[in-house]
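The primary structure of each chain is shown beneath.
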Amino acid sequence: RTFTAPDGKTYVWNLWRTNCTVQQGTNLQLVKYHRRNVGIVSPSHPPYLEISPSVYHILDLVLVTFIYAERISKRREAGARAAG
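For the structure given in this document, a descriptive report is provided here. Quick caveat, the model's predicted, so the values are computed rather than measured.

## A word on the overall build of the chain
Part 1: What the chain contains, in helices and strands, is one helix and five strands.
Part 2: Seen in sequence order, the chain has helices and strands lined up from the N terminus as β-β-β-β-β-α.
Part 3: Structurally, the chain occupies a C-alpha span of about 40 × 30 × 25 Å along its principal axes.
Part 4: Summed over its atoms, the accessible surface of the chain is roughly 5,800 Å², and 56% of this surface lies on carbon and sulfur atoms.
Part 5: Charged side chains of the chain number 11 positive and 5 negative; the gap between the two group centres comes to 10 Å.

## Topic: helix H1 (residues 59-83)
Think of an α-helix as turning once every 3.6 residues; residues three or four places apart then point the same way.
Part 1: Here H1 contains 25 residues, and its C-alpha end-to-end distance of 36 Å stays within 8% of the 36 Å for a straight helix at 1.5 Å per residue.
Part 2: Of all the residues in H1, the buried ones are Val 62, Thr 65, Phe 66, Ala 69, Glu 70, Ile 72, Ser 73 and Glu 77.

Rules used throughout
Residues numbered from 1 in each chain as written. Predicted model: local features only at pLDDT ≥ 70, side-chain atom pairs only at ≥ 80, totals over all residues. Heavy atoms only, no water. Helix = DSSP H or I, 4+ residues; strand = E, 2+ residues; numbered from the N terminus. Areas by Shrake-Rupley, 256 points an atom, 1.4 Å probe, with all protein chains shown as cover. Lys, Arg positive; Asp, Glu negative; His and termini not counted. Charge placed at Lys NZ, Arg CZ, Asp CG, Glu CD. Expected span 1.5 Å × (residues − 1). Buried < 20%, exposed > 50% of the residue type's maximum accessible area, 1.4 Å probe, protein only.

So, in structure tokens, the structure goes:
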């Protein structure tokens, strides 16, 4: 999912089964979603977004598009479970 922010830059949400990230270009990760960890293998933690200060000026857009991207991701997971 791609979005263009008011700053004129294009950002891409990469949706993976384990996390979502926002990237600009191919190597610059600006936002990363960390899912909840129950603490079996590593320390437990609630879900959280790791956000680069370079996108603070569009933070509201990042949060809205995250909600949208995460919703798509959840639908894909539900569809895969139903099919498999």
